[in-house]
Amino acid sequence: MKLGLTFFRRCLELKAVFKRIDLAINDHAGLLSIPELITKCEKNECISVMASI
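Residues numbered from 1 in each chain as written. Predicted model: local features only at pLDDT ≥ 70, side-chain atom pairs only at ≥ 80, totals over all residues. Heavy atoms only, no water.

1. Some details on unusual backbone geometry
Stage number 1. Despite not being glycine, lysine 15 has its phi angle at roughly 60°, a positive value.
Stage number 2. Residue position: lysine 15 is located in the loop between helix H1 (2–13) and helix H2 (34–42).
Stage number 3. Judged by its relative accessible area of 69%, lysine 15 is exposed.
Stage number 4. Its identity is not glycine, yet asparagine 44 carries a phi of approximately 60°, on the positive side.
Stage number 5. Tracing the backbone through its elements, the reader meets asparagine 44 in the segment after H2. (Helix = DSSP H or I, 4+ residues; strand = E, 2+ residues; numbered from the N terminus. Buried < 20%, exposed > 50% of the residue type's maximum accessible area, 1.4 Å probe, protein only.)

Shown next, in the form of structure tokens:
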């Protein structure tokens, strides 16, 4: 996790543009609540350039 954060911070320092970021979510680790993410999407509390989520 630390290496990933270091990478993204360095990219931001260099004024990188993120056109697309794909995330893999391990819902078995207990770090994120998939039902909560679904609720946020249903309430339009996420940002996406896709036509629909």
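2. Points about the pattern of salt bridges
Stage number 1. For the coordinates displayed, the defined rule picks out 2 salt bridges.
Stage number 2. With its nearest N and O atoms 3.2 Å apart, the salt bridge here joins glutamate 13 to arginine 10. You can see glutamate 13 and its partner arginine 10 sitting in helix H1, 3 residues apart, about one turn around the helix.
Stage number 3. A residue is classified by how much of its surface remains accessible, and glutamate 13, at 54% relative accessible area, is exposed.
Stage number 4. In this structure, glutamate 45 engages lysine 40 in a salt bridge whose closest nitrogen and oxygen atoms are separated by 3.2 Å. (Salt bridge = Lys/Arg side-chain N within 4 Å of Asp/Glu carboxyl O.)

3. Digging into the packing of aromatic side chains
Stage number 1. A full pass over the atoms with the stated rule returns 2 aromatic pairs.
Stage number 2. Ring centres of phenylalanine 7 and phenylalanine 8 lie 5.4 Å apart, and the angle between their planes is 70°; this geometry places the pair in the edge-to-face category.
Stage number 3. Ring centres of phenylalanine 8 and phenylalanine 18 lie 5.5 Å apart, and the angle between their planes is 50°; this geometry places the pair in the tilted category. Of the two residues, phenylalanine 8 is situated in helix H1 and phenylalanine 18 in the loop between H1 and H2; the sequence distance between them amounts to 10 residues.
Stage number 4. The rings of Phe7, Phe8 and Phe18 are connected pair by pair, giving a single aromatic cluster. (Phe/Tyr/Trp six-rings, centres within 6.5 Å; stacked < 30°, edge-to-face > 60°.)

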